[in-house]
Amino acid sequence: MDYLMYYGMTHNPFDKSVKTVIKTIDHQELTFRLNYLVQTLGLGIVTGRPGTGKTIILRDFVGQLDQNQYRVNYLPLSTVSVSDFYSQLAISLGIEPAYRKAQKFRQIQERIAEMHDIERVTPILIIDEAQYLNGAIFDELMLITNFEMDAEKKCVIILVGLPALAQRIQRAQFEAFRQRLTINYQVIGMENKEAVQYVNDKFKAAGVLSPVINEEALKTIIKQAGESIRRLDLIITQCLILGANKQQRIIDNEIVFEANTELALF
């Protein structure tokens, strides 16, 4: 049975492809800091456990930026050498990378300066899974953002990763890098009240105004999900599928436990 039709939903609001964004505390706090980072330019770090929503918040923030003023470049591959990192960065900026590292560095700095000074576009470089970065790359990032003897800033670099990234840069060898940071924010995830509001708002966005999950079952789902939005979405989706198959209008704890078992998340 089609669970969307059964529960009168226009779509599955808990699917990761859905663009509806719920303004959680993390969303508000991180967005404020990202706006400040973009205004002042420089280096920023965003960390959080898997599924806590950091990517959703960043994607929403990027979507709100004026494309005539900002050029966002996303680099997902972090387990590379310094030279390979430069090649990846150069290609993302529309440059054919040179052979030698020093030449690549010069190419990148010149391209960033050209975008900022001539094209009047600020490059924003988002480096994902940054907890895996080669330690030497942190030094290179400081050099890349050093213009006019460190008197000017011409780009934004955001490192995104797991909490291990924030722990890693606490080491003495990264002190200079830490001093260059403009923001360093850890996404925590939703608290219980936020999670309840999140679920209710998501159902409303799909056209469902009456309760689909009873109070006890919702408490169980939130507890099982921990602070992970991703897990919360997965569990609810599985509950809806099972509930429709059983022709049960209200999701209860029995269905929640069965959903958890099938997902094998816990």
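Residues numbered from 1 in each chain as written. Predicted model: local features only at pLDDT ≥ 70, side-chain atom pairs only at ≥ 80, totals over all residues. Heavy atoms only, no water.

Chemist: Where do I start with the overall build of the protein in this structure?
Modeler: Helix and strand counts for the protein stand at twelve helices and five strands. With the C-alpha coordinates of the protein rotated into their principal frame, the extents come out at 65 × 40 × 30 Å. Counting every position in the protein, which comprises 266 residues, the buried fraction comes to 48%. Carbon and sulfur atoms make up 50% of the accessible area of the protein, which amounts to about 13,900 Å² in all. Each charge sign in the protein was given a centre, from 29 positive and 31 negative side chains, and these centres are 2 Å apart. (Helix = DSSP H or I, 4+ residues; strand = E, 2+ residues; numbered from the N terminus. Buried < 20%, exposed > 50% of the residue type's maximum accessible area, 1.4 Å probe, protein only. Areas by Shrake-Rupley, 256 points an atom, 1.4 Å probe, with all protein chains shown as cover. Lys, Arg positive; Asp, Glu negative; His and termini not counted. Charge placed at Lys NZ, Arg CZ, Asp CG, Glu CD.)

Chemist: What's the story with the sheet that holds strand β1 (residues 42-48) in this structure? I'm lost.
Modeler: Note on sheets: strands pair through backbone hydrogen bonds, and any given pair is parallel or antiparallel. In spatial order, the strands read β2-β3-β4-β1-β5; together these five strands make up an open sheet with parallel pairing. Of all strands in the sheet, those bounded by a partner on one side alone are β2 (70-75) and β5 (181-187). The sheet shows a mean angle of 15 degrees between the axes of neighbouring strands, taken without regard to direction. In the sheet, strand β3 (residues 122-127) pairs with strand β4 (residues 156-161) via four bridges, with the strands oriented parallel. Paired with isoleucine 127 across the strands is leucine 159, a residue of β4. Running over the sheet, helix α3 (residues 54-64) touches β1, β2, β3, β4 and β5 and is turned about 155 degrees from β4. (Pairing = 2+ DSSP bridges. Axes fitted to C-alpha atoms, helices over the stretch in contact; angles between N-to-C directions. Contact = heavy atoms within 4.5 Å.)

Chemist: Explanation requested: the packing of helix α11 (residues 229-245) against helix α12 (residues 253-263) in the structure shown.
Modeler: Geometry of a packed helix pair, given as the angle between the helix axes and the separation of the axes. At a closest axis distance of 9 Å, the pairing of α11 and α12 adopts a crossing angle of 115 degrees. Judged on the interaxial angle alone, α12 and α11 are roughly perpendicular. The hand of the α11/α12 crossing is right-handed. Side by side, α11 and α12 meet where Leu234, Ile235, Gln238, Cys239, Leu242 and Gly243 of the first sit next to Ile255, Val256, Glu258, Ala259, Asn260, Glu262 and Leu263 of the second. Its residues assigned to classes, the contact of α11 with α12 shows eight nonpolar, three polar and two charged. (Parallel < 35°, antiparallel > 145°, perpendicular 65-115°, else oblique. Left-handed = near helix turned anticlockwise from the far one by under 90°. Nonpolar A, V, L, I, M, F, W, Y, C, P; charged D, E, K, R; others polar.)

Chemist: Would you mind going over the environment of isoleucine 255 with me for this structure?
Modeler: Considering the arrangement of structural elements, one finds isoleucine 255 in helix α12. For isoleucine 255, the contacting residues outside a window of four places in its chain are Cys239, Leu242, Gly243, Lys246 and Gln248.

Chemist: Please clarify how the packing of helix α2 (residues 25-40) against α3 should be interpreted in this entry.
Modeler: Between α2 and α3, the shortest axis-to-axis distance is 10 Å and the interhelical angle comes to 50 degrees. It follows from the interaxial angle that α2 and α3 lie oblique. Where α2 crosses over α3, the handedness of that crossing is right-handed. Residues Asp26, His27, Leu30, Thr31, Leu34, Asn35 and Val38 of α2 touch α3, and the partners they reach there are Ile57, Leu58, Asp60 and Phe61. For the contact of α2 with α3, the class distribution of residues is six nonpolar, three polar and two charged.

Chemist: Can you help me understand the packing of aromatic side chains in this one?
Modeler: How two aromatic rings sit relative to each other is given by the distance of their centres and the angle of their planes. Taken as a whole, this structure holds six aromatic pairs when the rule is applied. Three or more aromatic residues joined by ring pairs form one cluster here, namely Phe85, Tyr86 and Phe105. Over the ring of tyrosine 6 we find arginine 249, and its NZ or CZ is 3.9 Å from the ring centre. (Phe/Tyr/Trp six-rings, centres within 6.5 Å; stacked < 30°, edge-to-face > 60°. Lys NZ or Arg CZ within 6 Å of the ring centre and 35° of its normal.)

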